Amino acid sequence: MIYGPTLLFAIGEGAVIPLIPVIANRLGADVALAALVAAALVVGQLCGNIPAGWAVARFGERITMGVAGIVILGGLVGVVFAGTLAIFAAAVFLIGFCAASFALARHSFMTTRVPLHFRARALSLLGGTFRLGMFVGPFISAALLGIFGDEKASIAFFAVCQVATILLVFLGPDPEKAVAANGSDSRDAEDTGEPVTGAIPTVERVGVFRTMWRFRAVLARLGLAAASLSAVRSARQVVLPLWGVSLGLDASTIAVVVGVSGAIDFALFYASGQVMDRFGRLWAALPAMVLMGAGFLALSFTHDLDSSAMWFAMFAAVLGVGNGLSSGILLTLGADLAPADEPAAFLGSWRTLTDAGGAIAPVMISALTALVSLSGAVAAMGVVAALGAFGFVRWVPRYVPRSRS
């Protein structure tokens, strides 16, 4: 029940994400505009963080996640029947908006209930559920496209996953009550001083924006480095399908390449948690940023080569390795930095900042593609990764306790 709803959602979302630029292109968008439409997913998640925190505090995890799942079904109906690019973008935005509920609810729960000595592994496993979706989803999408020849089959699969998620959330055991029944005061766990209830104390008590001001120093420094990592991750999700479209590859081939990248990404998620728990957070963040930065920079020079499709597949794999090594790092750093007495308010501001990085990246790619070229936009993301790597080296040792950094 802790990982299941997130896993089902991620698999369904993973089947649809590679198709968003393809559908947008069919509705009349050029490459730059297709990138902007794809950005609606992460912009929606950014905008959904604060309402999700309020809803979890007011109604609890179960109701928030269940209602969000129902609204996502409405968004999928909009995706299927969208006759214009604007309606399609609005439906994608709505899906991203509701997706924030799944991420924030589980992050807050595990921050307060997971013992410190294996926090990174537990949160990397949570991150791994998303990576499993990015791994399995595109392959399922490719198979459905091969069988039915229509993107609506993949969208229908996402809807089936959502129905299963809703049933699991409403009919399965409540993890909050299970923790309360078993006694959640592990000797290794951090005591937040809060009773275990169906709701997690969050933004209502302090507020996300007041918390941002209180912790402005760490958010403006380490938070910006984390936002750059989120931007690079988001760019990977947008760039790979767009690069395939710009090379003239079909939707099935693009889905397979993205799926292979996701497979490599997924294979490394638990190793990332092991590294962070044993050696420190920096040993996962720095190699990830260096690899992804190098991958973007190298990919930007291959577009017009005769073997461009081969280079596309190879650097998609490199980006998968880098992303896999960063699994759970943003979740873990947020949990490390959050105050013990009121973690969820800080997590709301932390997630808002990191999601802002993820939301800005596709917009940046769209603008640079229109002004320069797709290759120039990809190279720019390599520079962002390099700057983020410097930020992690500079600020992780300062703000994260030595035993964790």
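Up top you'll find the structure we're talking about.
None of these values were measured; they are calculated from a predicted model.

Student: Account for the overall build of the protein chain, with residues named and values stated.
Tutor: In terms of helices and strands, the protein chain carries 17 helices and zero strands. Each of the 405 residues in the protein chain was classed as buried or not, and the buried ones make up 57%. For the protein chain, the proportion of contacts with a sequence separation of at least 24, taken over those separated by at least 6, is 86%. Counting only carbon and sulfur atoms, one obtains 68% of the accessible surface of the protein chain, whose full area is about 15,500 Å².

Student: So, the packing of helix α10 (residues 216-246) against helix α15 (residues 329-337): which residues are in play, and what are the values?
Tutor: When two helices pack together, their arrangement is given by the angle between the helix axes and the distance between those axes. For the pair α10 and α15, interaxial distance at closest approach is 11 Å and the crossing angle is 165°. Of the possible angle classes, the one that applies to α10 and α15 is roughly antiparallel. Helix-helix and strand crossings are classified by hand; for α10 and α15 the assignment is left-handed. Two secondary-structure elements touch here, α10 through V218, L222, A226, L229, S230 and R233 and α15 through I329, L330 and L337.

Student: Quick rundown of empty space enclosed by the protein? Include the residues and the values.
Tutor: By the definition in use, this model includes eight cavities of 30 Å³ or more. Lining the largest cavity are 31 residues, and of these Q45, F130, R233, Q237 and D355 lie nearest its centre. Of all the elements in the fold, those that place two or more residues in the lining of the largest cavity are α1 (4-16), α3 (31-59), α5 (85-113), α6 (119-148), α10, α15 and α16 (343-371). Among the elements that take part in the lining of the largest cavity, α16 stands out by supplying six residues, more than any other. A breakdown of the residues in the lining of the largest cavity according to their chemical character gives 14 nonpolar, 10 polar and seven charged. Residue-level mapping places the lining of the largest cavity at the junction of two domains, with at least three residues from each of domain 1 (1-174) and domain 2 (209-404). Its volume calculated, the second largest cavity comes out at about 100 Å³.

Student: How would you summarise the environment of V245 if you had to cite specific residues and measurements?
Tutor: Residue placement: V245 occurs in helix α10. In sequence terms V245 and V31 are 214 residues apart; their C-alpha atoms lie 7.9 Å from each other. The residues touching V245, leaving out its near neighbours within four places in the chain, are V22 and I254.

Student: So what about α6? Which residues, and what values?
Tutor: Its 30 residues give α6 an end-to-end C-alpha distance of 43 Å, which sits within 8% of 44 Å, the value for a rise of 1.5 Å per residue. Of the residues trailing α6, G149 is marked for its positive phi of about 65°.

Student: Give me the lowdown on the pattern of salt bridges, citing residues and values where you can.
Tutor: If you walk through the whole model with that rule in mind, you get five salt bridges. Taking the shortest distance from any N to any O, the salt bridge between R121 and D277 comes out at 2.7 Å. Taken together, the residues R121 in helix α6 and D277 in helix α12 (residues 269-279) connect sequence positions 156 residues apart. Assessed through its relative accessible area of 23%, R121 is described here as partly exposed.

Student: I'd like a description of α10, backed by residues and values.
Tutor: Considering bend angle alone, the principal kink of α10 is centred on G223 and spans about 40°. In terms of burial, α10 is largely enclosed, as 23 of its 31 residues are buried. Following α10 by one or two positions, G248 has its phi on the positive side, about 85°.

Student: Could you give me a rundown of the environment of G391, with the residues and numbers involved?
Tutor: Within the secondary structure, G391 sits in helix α17 (residues 374-399). Overall, G391 belongs to the buried group, its relative accessible area being 8%. With 170 residues separating them along the chain, G391 and R221 place their C-alpha atoms 7.3 Å apart.

Student: Please set out the packing of aromatic side chains residue by residue, giving values where relevant.
Tutor: Tallied over the full model, the rule gives five aromatic pairs. Seen from their ring centres, F269 and Y270 are 6.5 Å apart, and the 80° between their planes marks the pair as edge-to-face. Given a relative accessible area of 10%, F269 falls into the buried group. Taking 5.7 Å as the distance between ring centres and 20° as the angle between the ring planes, the aromatic pair formed by W311 and F315 counts as stacked. Linking W311 with F315, this pair stays in helix α14 (residues 308-325), spanning four residues, or about one helical turn. Judged by its relative accessible area of 25%, W311 is partly exposed. According to the relative accessible area criterion, F315 is buried, its value standing at 11%. Sitting over the face of the ring of W213, R216 holds its NZ or CZ atom 4.0 Å from the ring centroid.

Analysis parameters
Residues numbered from 1 in each chain as written. Predicted model: local features only at pLDDT ≥ 70, side-chain atom pairs only at ≥ 80, totals over all residues. Heavy atoms only, no water. Helix = DSSP H or I, 4+ residues; strand = E, 2+ residues; numbered from the N terminus. Buried < 20%, exposed > 50% of the residue type's maximum accessible area, 1.4 Å probe, protein only. Contact = heavy atoms within 4.5 Å. Areas by Shrake-Rupley, 256 points an atom, 1.4 Å probe, with all protein chains shown as cover. Axes fitted to C-alpha atoms, helices over the stretch in contact; angles between N-to-C directions. Parallel < 35°, antiparallel > 145°, perpendicular 65-115°, else oblique. Left-handed = near helix turned anticlockwise from the far one by under 90°. 1 Å grid on protein atoms, 1.4 Å probe; cavity = no way out; pocket = protein on both sides within 12 Å on 5 of 7 lines; lining within 4 Å. Points joined across faces, edges and corners; volume = space filled by probe spheres on them. Nonpolar A, V, L, I, M, F, W, Y, C, P; charged D, E, K, R; others polar. Domains from an automatic or database assignment. Expected span 1.5 Å × (residues − 1). Salt bridge = Lys/Arg side-chain N within 4 Å of Asp/Glu carboxyl O. Bend = angle between axes of the 7 residues up to and from the residue. Phe/Tyr/Trp six-rings, centres within 6.5 Å; stacked < 30°, edge-to-face > 60°. Lys NZ or Arg CZ within 6 Å of the ring centre and 35° of its normal.

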